[in-house]
Amino acid sequence: AMDAERCSAKGVLNIGIFRIFIMGDAHRTTVLVVDDESMVRLDIVESLNAAGYATQDASCAEEAIQMLEQDPGIRVVFTDIQMPGSMDGLALSHYVRNRWPPTVIVIISGKGNVAPDELPSDADFLAKPFSGYELARILRKVEFRLCLS
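I will try to describe carefully the structure that is included in this document.

The rules behind the values
Residues numbered from 1 in each chain as written. Predicted model: local features only at pLDDT ≥ 70, side-chain atom pairs only at ≥ 80, totals over all residues. Heavy atoms only, no water. Pairing = 2+ DSSP bridges. Helix = DSSP H or I, 4+ residues; strand = E, 2+ residues; numbered from the N terminus. Right-handed = clockwise from strand over helix to strand, strands pointing away. Salt bridge = Lys/Arg side-chain N within 4 Å of Asp/Glu carboxyl O. Buried < 20%, exposed > 50% of the residue type's maximum accessible area, 1.4 Å probe, protein only. Polar contact = N/O pair within 3.5 Å; in protein donor to acceptor, adjacent residues only side chain to side chain. Expected span 1.5 Å × (residues − 1). Arc of directions from axis to C-beta. Contact = heavy atoms within 4.5 Å.

## Some points on the pairing of strand 2 (residues 54–58)
The two faces of a sheet get side chains in turn, since along a regular strand they alternate between them. Bridge count between strand 1 (residues 30–34) and strand 2: 5 bridges; the pairing is parallel. Across the sheet, the residue bridging to Thr30 is Ala54, located in strand 2. The handedness of the strand 1 to strand 2 crossover, carried by helix 2 (residues 38–50), is right-handed.

## Quick look at the pattern of salt bridges
Taken as a whole, this structure holds 8 salt bridges when the rule is applied. When salt bridges with common partners are traced through the structure, they connect Asp35, Glu37, Asp80 and Lys128 into a single cluster.

## Things to note about the environment of Thr103
Within the secondary structure layout, Thr103 lies in the loop between helix 4 (89–99) and strand 4 (104–109). Since its relative accessible area comes to 6%, Thr103 is described here as buried. Within the structure, the side chain of Thr103 is placed 2.9 Å from the backbone oxygen of Trp100, a separation counted as a polar contact.

## Some points on helix 2
With 13 residues, helix 2 ought to run about 18 Å at 1.5 Å a step, and its terminal C-alpha atoms sit 18 Å apart, in line with that. Every buried residue of helix 2 is listed here: Arg41, Ile44, Val45 and Leu48. Along the axis of helix 2, the buried residues cluster in a sector spanning 100°; they form a single face. Helix 2 presents Met39 and Glu46 as exposed residues on the side facing more than 90 degrees away from its buried surface. Buried-residue contacts for helix 2 involve strand 1, strand 2, strand 3 (74–80), strand 4 and helix 5 (132–148). The positive-phi residue at the C-terminal boundary of helix 2 is Gly52, with phi of around 90°.

Below you can see the structure in the form of structure tokens.
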């Protein structure tokens, strides 16, 4: 299992190395990671940085919206569903879809699957805890969606 994990982590890194070589550092896509658990948030941020993405992070929906307003360069939002505050991750994802339609959205949850009709259009779902392989699979979808937008 350790071997598969190592290969898959390499898969994630390869996407990043590909991005940086082909597109140059200035073209690094910015991903906003929204999760109220700082350890989880930093873990995702580190994985995304290793995969060649620039990152910002927020601990709640309100903070995330503020960052999106200030930085038009954010192209992707990874958000946990369960968060304190007036808005959970699902509400945030719908708000982002409506206000910034081309944004690529990945919804993360450790509480099992979410009904597809609860998700905004064209959002991807990632169950926690996830392996490097699962993250690589989602990042390939993210890249595909970025190409389309």
